[in-house]
Amino acid sequence: MSLKGELRAKAEPSKKAGRWLLLILILIIMVLGLALTALFSVFQTAHLLMSLPAKPFNHIGAHLMPPCDEISFRSQRSDILLSGWFFKSRAVSRGNVILIHNNGDNRLQFDLQTAELYRFLNEENFNVLSFDLRHSGKSDGLQSAYGLAEYKDVLAAMMAAERLSGDKRMLLYGFGSGVTAALLAWNELPIEAPDEKALAADPELPNLCRKDVQALLLDTPAASVFDYIRVDLNPEGFMNKHLYWPFLPEAVRLASGAGPLTNLIPLASQIQAPMFIIRNLPEQRIPQYSIDAFINERLRLNGEMTLVSEIAKAGHLSGFTEDQESYLQSLKSFLDRWIEYSPVSE
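Here goes a summary of the coordinates provided. (Residues numbered from 1 in each chain as written. Predicted model: local features only at pLDDT ≥ 70, side-chain atom pairs only at ≥ 80, totals over all residues. Heavy atoms only, no water.)

## A look at the packing of helix H3 (residues 114-123) against helix H12 (residues 324-338)
In step 1: As a packed pair, H3 and H12 sit with axes 12 Å apart at the nearest point and diverge in direction by 25°. What the angle tells us is that H3 and H12 run roughly parallel. Viewed along their axes, H3 and H12 form a crossing whose handedness is right-handed. Where H3 abuts H12, its residues Glu116, Leu117, Phe120 and Leu121 lie against Gln324, Leu328, Leu331, Lys332 and Leu335.
In step 2: Taken together, the residues of the contact of H3 with H12 break down into six nonpolar, one polar and two charged. (Axes fitted to C-alpha atoms, helices over the stretch in contact; angles between N-to-C directions. Helix = DSSP H or I, 4+ residues; strand = E, 2+ residues; numbered from the N terminus. Parallel < 35°, antiparallel > 145°, perpendicular 65-115°, else oblique. Left-handed = near helix turned anticlockwise from the far one by under 90°. Contact = heavy atoms within 4.5 Å. Nonpolar A, V, L, I, M, F, W, Y, C, P; charged D, E, K, R; others polar.)

Written out as structure tokens, the structure reads:
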């Protein structure tokens, strides 16, 4: 073989190897491109989901509410202005009930029927603070986050209720994703009340602690924050099933700036305060196993201070509207057992 032929023979494997390397490089670039496109799509969809318009505020229904004061206050460490109502107890107060609505709703969680819930709580001698979370009702805010950011609104509402009533005793009443906001707000409170020095150094620090939360009232609690987000997702179709359903809830969490905590069961298990849980059975939007897991673990660890009630009507957050009498009867049984009629402690 000539020298030229030998050189050509030696060069052939190098050319083949080069072509394979180029092909592999192209495939890697294509995979990365698809991954980045999918990532962009997930975050863009998360942004759109968080920016969806909330249910319009019923201004006519607002005139049908019991006597109350129009109030406004800013979310904790934020310029977001929140709007709400404060219903003051006409007798010696048993504490302040903070109502926390579901994502996409507003302070009229049950539309006009919400007035009956306000009246019931007032007649049970509770002050009631009902307000619109960020990006809902008459409150400001560009996005909602299924409770992952709204817990700051709840902390601000608790501070407002304390200022208005002079009473630090709080009952957090969450509906749907409002459960997330209630539990995260409790988790954010210090174990012990801050001293005067700490309050002077930080005016936005709540003059409250976990012991001030007398009870939690939870309508449709779920094991994970992500279960509430998936209520608004469509599991049908290839992209929805394989991209948005598994990854979009995490994108919402990241976009909200929230920490890694998404499992609500450990929080519920930590709370050494009475807890009222109510749900539809069967539940139509959140997996039953998720709600069961939350309830079972709470009962296992804190069963002696937990009351679970079920409205035997298929639905989602519709127990109050489907069977108001049973709903309020269960709630009254819980309140009578756990919340004393006593004056504000000095």
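Moving on from the model shown.
## A word on the environment of Leu171
In step 1: For Leu171, the position within the fold is in strand S5 (residues 170-175).
In step 2: By relative accessible area, which is 0% here, Leu171 ends up buried.
In step 3: The sequence separation of Leu171 and Pro287 amounts to 116 residues, and the corresponding C-alpha distance is 27 Å.
In step 4: Setting aside residues up to four positions removed in sequence, Leu171 forms contacts with Asn96, Val97, Ile98, Phe126, Gln214, Ala215, Leu217, Leu335 and Ile339. (Buried < 20%, exposed > 50% of the residue type's maximum accessible area, 1.4 Å probe, protein only.)

## Some thoughts on the layout of surface pockets
In step 1: Approximately 230 Å³ is the volume attributed to the largest pocket.
In step 2: Along the walls of the largest pocket sit 17 residues, with Leu148, Tyr151, Gly257, Ala258 and Gly259 positioned nearest its centre.
In step 3: Going through the elements one at a time, helix H4 (151-165) and helix H5 (178-188) are the ones with two or more residues in the lining of the largest pocket.
In step 4: Sorting elements by how many residues they give to the lining of the largest pocket places H5 first, with three residues.
In step 5: Split by residue class, the lining of the largest pocket holds seven nonpolar, six polar and four charged. (1 Å grid on protein atoms, 1.4 Å probe; cavity = no way out; pocket = protein on both sides within 12 Å on 5 of 7 lines; lining within 4 Å. Points joined across faces, edges and corners; volume = space filled by probe spheres on them.)

## Structural notes on H12
In step 1: The end-to-end C-alpha separation of H12 is 21 Å, in line with the 21 Å expected for 15 residues at 1.5 Å each.
In step 2: When H12 is considered as a whole, its buried residues turn out to be Tyr327, Leu328, Ser330, Leu331, Phe334 and Leu335. Projected down its long axis, H12 shows its buried positions confined to an angular sector of 160°, all on one face. The exposed set on the far side of H12, more than 90 degrees from its buried face, consists of Glu325, Gln329 and Arg337.
In step 3: On the buried face of H12, the contacting elements are H3, S5, strand S6 (213-219), strand S7 (275-280), strand S8 (306-311) and helix H11 (319-322). (Expected span 1.5 Å × (residues − 1). Arc of directions from axis to C-beta.)

## Re the side chain of Asn103
In step 1: Among the secondary structure elements, Asn103 is positioned in the loop between strand S3 (96-100) and H3.
In step 2: Setting aside chain neighbours within four positions, we find Asn103 in contact with Ser144, Ala145, Tyr146, Glu150, Ser177 and Asp232.

## Let's talk about the packing of aromatic side chains
In step 1: Scanning all chains against the criterion turns up 11 aromatic pairs.
In step 2: Aromatic side chains Trp85 and Phe87 sit 6.2 Å apart centroid to centroid with 80° between the ring planes, which places their arrangement in the edge-to-face category.
In step 3: Through a chain of ring-to-ring contacts, the aromatic side chains of Phe110, Tyr173, Phe175, Phe320 and Tyr327 assemble into a single cluster.
In step 4: Taking the ring centre of Trp85 as reference, the NZ or CZ of Arg107 above it sits at 4.5 Å.
In step 5: Over the face of the ring belonging to Trp186 we find Arg210, whose NZ or CZ atom lies 4.2 Å from the ring centre. (Phe/Tyr/Trp six-rings, centres within 6.5 Å; stacked < 30°, edge-to-face > 60°. Lys NZ or Arg CZ within 6 Å of the ring centre and 35° of its normal.)

## A word on the pattern of salt bridges
In step 1: The tally for this structure, following the rule as stated, stands at 15 salt bridges.
In step 2: Between Asp132 and Arg107 there is a salt bridge, with the nearest N and O atoms lying 2.7 Å from each other. Taken as a pair, Asp132 in the loop between strand S4 (127-131) and H4 and Arg107 in the loop between S3 and H3 lie far apart in primary sequence, 25 residues in all.
In step 3: A single salt-bridge network, built from bridges that share partners, covers Arg94, Glu124, Lys332 and Asp336. (Salt bridge = Lys/Arg side-chain N within 4 Å of Asp/Glu carboxyl O.)

## Let's talk about the pairing of strand S2 (residues 81-87)
In step 1: Along S2, six of the seven residues are buried, which leaves the element largely enclosed by surrounding structure.
In step 2: Of the pairings in the sheet, the one linking strand S1 (residues 69-74) to S2 comprises six bridges and is antiparallel in character. Its bridge partner lying in S2, Glu70 is registered against Trp85.
In step 3: The antiparallel hairpin formed by S1 and S2 contains six residues in its connecting segment, where Arg77 sits at a positive phi of about 55°.
In step 4: Judged from the four bridges that link them, S2 and S4 form a sheet pairing that is antiparallel. Of the residues in S4, the one forming a bridge with Gly84 is Phe131. (Pairing = 2+ DSSP bridges.)

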